[in-house]
Amino acid sequence: MKTSLSLFLAVLLIFSCNQEHKEVENNVLNPIEYLMINNANLILENQEINSISIGVYKDGKTYTGYFGEIDKGRNNLPNDSSFFELASVTKSFTGIITAQAVLDGKLKPEDDIRNYLEDSYPNLVYENRPIQIRDLLTHSSGIRRDFSKPLNKLFDLDATEEEKVTIQNYDRKALLKDLISYELDTIPGTRYDYSPVIGPEILAMILEKVYDKSYSELLTELVLSKANMNQTKMSLNELETNHLINTYTDEGRFAEQIAIPMSGAGAGLKSTIPDVIKYIKYLLESDSPVITKMQKPLFKDEDDDMYGYFWQINDDGEFMHNGGTNGSTNWLVILPELNAGFTVFFNSNGDTSGVLINRIANSIINDIERYPKKNVYFHIRNEIIENTDKGIEFYKNSKLEKSNEFDFEDSTMLNKIGYELLGDDQTENAIKVFKLLVSEFPNEGNPYDSLGEAYFINEQYDLSLEHYKKALELNPANGNAENMIQELNNITSQE
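Residues numbered from 1 in each chain as written. Predicted model: local features only at pLDDT ≥ 70, side-chain atom pairs only at ≥ 80, totals over all residues. Heavy atoms only, no water.

Q: In this structure, what is going on with the overall build of the protein chain? I would like to understand it.
A: A count of helical and extended segments in the protein chain gives 18 helices and 19 strands. Taken over the C-alpha trace, the protein chain has a radius of gyration of 25 Å; the compact-globule value for 495 residues is 23 Å, and the two agree within 12%. Here the protein chain holds 495 residues, and 54% of them are scored as buried. Accessible area for the protein chain stands at about 21,900 Å²; split by element, carbon and sulfur atoms hold 44% of it. Averaging the positions of the 46 positive and the 79 negative side-chain charges in the protein chain gives two centres separated by 4 Å. (Helix = DSSP H or I, 4+ residues; strand = E, 2+ residues; numbered from the N terminus. Rg over C-alpha atoms; globule rule 2.2 N^0.38 Å. Buried < 20%, exposed > 50% of the residue type's maximum accessible area, 1.4 Å probe, protein only. Areas by Shrake-Rupley, 256 points an atom, 1.4 Å probe, with all protein chains shown as cover. Lys, Arg positive; Asp, Glu negative; His and termini not counted. Charge placed at Lys NZ, Arg CZ, Asp CG, Glu CD.)

Right, dumping it as structure tokens:
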């Protein structure tokens, strides 16, 4: 029987389990290896993406995978010695230090930040509400990105050399000068407004004051040493700099490393995939109360997203952070209930990379949730797209023979393939897939909705109406089905 991974072998990759490199053979992949290689190679079908690096920690085991090429046409892969800019994921380290300070009684989340600043700063109050420590941690202080003219150029690819020097020379004296003249226009603690540098840097100053130690010392003592992270640092030596991977925009333009001013508490760290896995392990397995503390929600925005100590937090206990530079983007996701976590890096950034880094992160989460079964989508996708009739038979046979290996209980897998066919103007084949989907999941409303849409595109309005009605019957909250039924009734009444 043809294996679904055979079409992926031409893609360059290095893969390792427990840091031991080995060449991937498509017939020996365990579920974690399987999800890494397939999710990565699916994303690499997009030409904007150069390379993808993934690290997974699951049930005490570590896995790393490197795919694509750092520089197009050079066949060069990242590896375990490659350094990546963690960017805003650095804030999660600052969050842990702050949580430790709270546990140590050094400060409180509800403290007015002016208690720790030398001047009075009467401007850091709006409608009698001062900026609190919690507001810095949750990007709800009211301090916007336009805080400082020099820092507005921090992520500007076209910044002049003079502007870059100004950024590098922007120090805490300049920050405090800008801070004392800054005017709030919103009540602190009421609106999420992301602060890439200023909020974390003010917090770093406060932490240095309450501990009487530098931010660098606190970072090493309270996080890096406890997690045994010896390859995570603000500044790289010459040899390490040679291993800092090149980064690019989605358009292929080389993006220089961002010069992070001051302590770097908001975006300055560089690390390797194995070292980030050590961080994941520490976050999952440490019995320190600081890890529990830093997951405590401190703010909920208008979309009901919750934020703790620089972490985004979900109701189910997952916590995560993402980061990005002009030419890179990444996610760090911790899944305590699954005893798992992962990181994924692109050495590219832009609109497409931004969408795709979220897509691969969500896919990895879903695939870890179905562990130890594998995602059947990758097993059947190419078979169905290449020859839909034979692919459907392949699906049916696989379900009979491999139900213990693959997850056939997720209706979204066939649905995704059907919409890929629709997007490729293969409407008749999409209808075949959606009909299979309906037969496999007759009690779910969405398969009928999808089949109704395919029939509508194919101008088979009676069949479309029939399936939209069934979709609405199974899910009365389906507004799309309700609207389509009305539209179809108008169409059929005019025939």
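Q: Would you explain the pairing of strand S16 (residues 340-346) in this entry?
A: In regular strands, side chains alternate between the two faces of the sheet. The element S16 is largely enclosed, with a buried count of seven among its seven residues. Of the two faces of S16, both are covered, the one formed by Ala340, Phe342, Val344 and Phe346 as well as the one formed by Gly341, Thr343 and Phe345. As paired elements, strand S3 (residues 51-58) and S16 share seven bridges and run antiparallel to each other. Its bridge partner being in S16, Ile52 is matched across the sheet by Phe346. Following strand S15 (residues 328-335), the chain reverses through four residues before pairing antiparallel with S16; Asn339 in that reversal takes a positive phi of roughly 50 degrees. (Pairing = 2+ DSSP bridges.)

Q: Any chance you could explain the environment of Ile392 here in plain terms?
A: The residue Ile392 is located in helix H13 (residues 388-401) in this model. Relative accessible area serves as the criterion here: at 10%, Ile392 is assigned to the buried category. Taking the C-alpha atoms as reference, Ile392 lies 23 Å from Glu45; in sequence the two are 347 residues apart.

Q: I'm lost on helix H12 (residues 376-386) in this one. Help?
A: Since one α-helical turn is 3.6 residues long, residues separated by three or four positions face the same way. The buried fraction of H12 is high, at nine of 11 residues. Buried within H12 are the following residues: Val376, Tyr377, Phe378, His379, Ile380, Arg381, Asn382, Glu383 and Ile384. Looking at where H12 begins, the residue whose side-chain oxygen comes 3.0 Å from the main-chain nitrogen of Tyr377 is Asn375. (Polar contact = N/O pair within 3.5 Å; in protein donor to acceptor, adjacent residues only side chain to side chain.)

Q: Just checking my understanding: could you explain the nonpolar core for this structure?
A: Most often, soluble globular proteins have nonpolar side chains that are buried together. In this structure, Ile202, Leu283 and Trp311 are the most contacted members of the largest nonpolar core, which totals 75 residues. Put simply, the parts of the chain that give this core at least two residues each are helix H2 (90-103), helix H3 (133-137), helix H5 (172-180), helix H6 (198-211), helix H7 (215-224), helix H9 (273-285), helix H10 (289-293) and S15. Per element, the largest residue contribution to this core is nine residues, and it comes from H6. If we skip the residues at most four places from it in the chain, Trp311 touches Ser92, Ile96, Tyr279, Leu283, Met294, Met306, Phe319, Met320, His321, Leu332 and Ile334. Counting 66 residues, the second-largest nonpolar core is a separate cluster that includes Leu42, Ile360, Tyr377 and Tyr468. (Core = buried A, V, L, I, M, F, W, Y, C linked by side-chain atoms within 4.5 Å. Contact = heavy atoms within 4.5 Å.)

Q: It is not clear to me how the packing of aromatic side chains should be interpreted in this structure. Could you clarify?
A: Each aromatic ring pair is characterised by the separation of its centres together with the angle its planes make. Per the counting criterion, the structure on display carries 13 aromatic pairs. Summarising the aromatic geometry, the rings of Tyr34 and Phe406 are spaced 5.9 Å apart at their centres and angled 65 degrees between planes, so their arrangement reads as edge-to-face. Here Tyr34, found in helix H1 (residues 31-43), pairs with Phe406, found in strand S19 (residues 406-407); they are 372 residues apart in sequence, far enough to count as distant. For Phe406, a relative accessible area of 3% gives the class buried. Each ring, one from Phe84 and one from Phe345, has its centre 4.8 Å from the other, and the planes form 35 degrees; the classification is tilted. With Phe84 in strand S5 (residues 84-85) and Phe345 in strand S16, this residue pair connects regions lying 261 residues apart in the sequence. As far as the burial class goes, Phe84 and Phe345 line up, both buried. Pairwise contacts between aromatic rings join Tyr34, Tyr377, Phe378 and Phe406 into one cluster. (Phe/Tyr/Trp six-rings, centres within 6.5 Å; stacked < 30°, edge-to-face > 60°.)

Q: Is there a simple way to think about the packing of helix H15 (residues 427-440) against helix H16 (residues 445-457) in this case?
A: Helix-helix packing: each pair is described by the crossing angle between the helix axes and the interaxial distance. Across the interface, H15 lies against H16 with an axial gap of 9 Å and an inter-helix angle of 160 degrees. Viewed along their axes, H15 and H16 adopt a mutual orientation that is roughly antiparallel. Of the two elements, H15 crosses H16, and the hand of that crossing is left-handed. Mapping the contact onto sequence places Thr427, Ile431, Phe434, Lys435, Leu437 and Val438 in H15 and Pro447, Tyr448, Ser450, Leu451, Ala454, Tyr455 and Ile457 in H16. Looking at the contact of H15 with H16 residue by residue, the class counts come to 10 nonpolar, two polar and one charged. (Axes fitted to C-alpha atoms, helices over the stretch in contact; angles between N-to-C directions. Parallel < 35°, antiparallel > 145°, perpendicular 65-115°, else oblique. Left-handed = near helix turned anticlockwise from the far one by under 90°. Nonpolar A, V, L, I, M, F, W, Y, C, P; charged D, E, K, R; others polar.)

Q: Looking at this structure, I do not really get unusual backbone geometry. What am I missing?
A: A negative phi angle is the norm for most residues apart from glycine, just as the trans form is the norm for most peptide bonds. The peptide bond linking Tyr371 to Pro372 adopts the cis configuration, its omega dihedral lying at 10 degrees. One can find Pro372 in the loop between helix H11 (351-369) and strand S18 (374-375). The phi dihedral of Phe310 falls on the positive side, at around 70 degrees, and the residue is not glycine. Looking at the secondary structure, you find Phe310 in the loop between strand S12 (306-307) and strand S13 (312-313). Residue class for Phe310 comes out buried when judged on its relative accessible area of 2%.

Q: I'm lost on the environment of Leu451 in this one. Help?
A: Assignment of secondary structure puts Leu451 in helix H16. Discounting chain neighbours no more than four positions away, the residues touching Leu451 are Ile431, Phe434, Lys435, Val438 and His467.

Q: In this structure, what is going on with the sheet that holds strand S17 (residues 348-349)? I would like to understand it.
A: Across a sheet, paired strands are connected by hydrogen bonds in the backbone, their directions being either parallel or antiparallel. Sheet architecture is open: three strands sit in the order S9-S8-S17, paired in mixed fashion. Each of the sheet's edge strands pairs with one partner strand only, and the pair in question is strand S9 (254-255) and S17. Two strands pair when backbone bridges link them, and strand S8 (residues 247-249) and S17 are joined in this way by two bridges, in the parallel orientation. Along S17, the bridge assignment pairs Tyr248 with Ser348.

Q: What is the right way to look at the packing of H2 against H6 in this model?
A: As a packed pair, H2 and H6 sit with axes 11 Å apart at the nearest point and diverge in direction by 35 degrees. By crossing handedness, the relation of H2 to H6 is classed as left-handed. Facing Lys91, Thr94, Ile97, Thr98, Gln100 and Ala101 of H2, the residues of H6 in contact are Pro200, Leu203, Leu207 and Tyr211. Grouping the amino acids of the contact of H2 with H6 by side-chain chemistry returns six nonpolar, three polar and one charged.

Q: When you look at H7 in this model, what are you seeing that I'm missing?
A: Of the positions making up H7, those classed as buried are Tyr215, Leu218, Leu219, Leu222, Val223 and Leu224. For H7, the angular spread of buried residues about the axis comes to 150 degrees, placing them on one side. Taken together, the buried residues of H7 touch H2, H6 and H9. (Arc of directions from axis to C-beta.)

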